[in-house]
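Working through the structure, step by step
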Amino acid sequence: VELISGGTGKMIINGQDSTTYMQFNPATIWTIQGPLETLGLEDSYDAVVKCNGGGLNGQADAIQLGLAKALCKMKSSNRYPLKAEGYLTRNAQVKERKKYGLKKARKAGQYSKR
């Protein structure tokens, strides 16, 4: 995440406008803009973001965390309001590993009684 001060609130994600990249989904757009709206800075900064992997919701959460961390680096007094809103908390869900003897992480072969 790269924040550019003196901007107009425009956000570029992987070379596309944020609303286009997030497929005009209001929930993901609201998720991305949350940290800036909490601090009242939605029209003060432009953001350039690069992200990959996961789905759009996972990327939206990652962008939200990246924006919040970037805002904390710029001004340490931004940390408390962002922490209170939960924007500095990482989602710790990761893919579960495959276990031996199973087809996937939890999928087993069909049970045969006899």
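Here the residue index of a chain counts from 1 through its sequence in written order. Given that the model is predicted, a residue must reach a pLDDT of at least 70 before its local features are reported, and side-chain atom pairs must reach 80 or more before they are shown or counted; all residues, however, enter totals for whole chains, interfaces and linings. Side-chain figures throughout are based on the complete set of non-hydrogen atoms in the structure, without hydrogens or water.

**Some details on unusual backbone geometry**
- For Q23, which is not glycine, the phi dihedral falls at a positive 55°.
- Locating Q23 in the fold gives a position in the loop between α1 (18-21) and α2 (26-39).
- When its relative accessible area of 57% is taken as the criterion, Q23 is described as exposed.
- Positive phi values are uncommon outside glycine, yet F24 reaches one of about 60°.
- Secondary structure elements are defined from DSSP: runs of H or I of at least 4 residues count as helices, runs of E of at least 2 residues count as strands, and each element is numbered from the N terminus. Following the sequence through the fold, F24 ends up in the loop between α1 and α2.
- With relative accessibility at 61%, the residue F24 sits in the exposed group. A simple rule labels every residue: compare its accessible area, found with a 1.4 Å probe on the protein chains alone, to the largest value its type can have, and call it buried under 20%, exposed over 50%, or partly exposed in between.

**Focus: the pattern of salt bridges**
- Salt bridges, as used here, are contacts in which a Lys or Arg side-chain nitrogen is within 4 Å of a carboxyl oxygen on Asp or Glu. Per the counting criterion, the structure on display carries two salt bridges.
- E96 is paired through a salt bridge with K99; the nearest N and O atoms lie 2.5 Å apart.
- On the accessibility criterion, E96 (36% relative accessible area) is partly exposed.
- Between E96 and R106 there is a salt bridge whose closest N-O contact spans 3.1 Å. One end of the pair, E96, is in the segment after α4 (79-85); the other, R106, is in the segment after α4, with 10 residues separating them in the sequence.
- What emerges from the salt-bridge pattern is a single network uniting E96, K99 and R106.

**Examining the nonpolar core**
- Core analysis: the biggest nonpolar cluster contains 23 residues, and I13, M22, I32 and I63 have the highest contact counts within it.
- Sorting the residues of this core by element identifies β2 (11-13), α2, β4 (45-49) and α3 (56-74) as the ones contributing at least two each.
- Residue contributions to this core peak at seven residues, all from α3.
- In contact with I13, other than residues within four places in its own chain, are S18, Y21, M22, I32, V49, C51 and I63. Working definition of a nonpolar core: buried Ala, Val, Leu, Ile, Met, Phe, Trp, Tyr and Cys residues. They are joined through side-chain atoms within 4.5 Å. In what follows, a contact means two residues having at least one pair of non-hydrogen atoms within 4.5 Å.

**Looking at the side chain of T31**
- Along the chain, T31 falls in helix α2.
- Those residues in contact with T31, other than ones at most four positions away along the chain, are A60, D61 and Q64.

**Observations concerning the sheet that holds strand β3 (residues 16-17)**
- Following DSSP output, two strands are said to pair if at least two bridges run between them. Reading across the sheet, the four strands line up as β1-β4-β2-β3 and stay open at both edges, with mixed pairing between neighbours. Pairing within the sheet leaves two strands with one partner each, and these edge strands are β1 (2-5) and β3.
- Sheet topology places β1 next to β4; four bridges connect them, and they run antiparallel. When the bridges of β4 are listed, S5 appears paired with Y45.
- Inter-axis angles, ranging from 0 to 180 degrees, are taken between N-to-C directions of lines fitted to C-alpha atoms, where helices are fitted over the stretch in contact. Of the strands in this sheet, β1, β2 and β4 touch α3, which is tilted by about 50° from β1.

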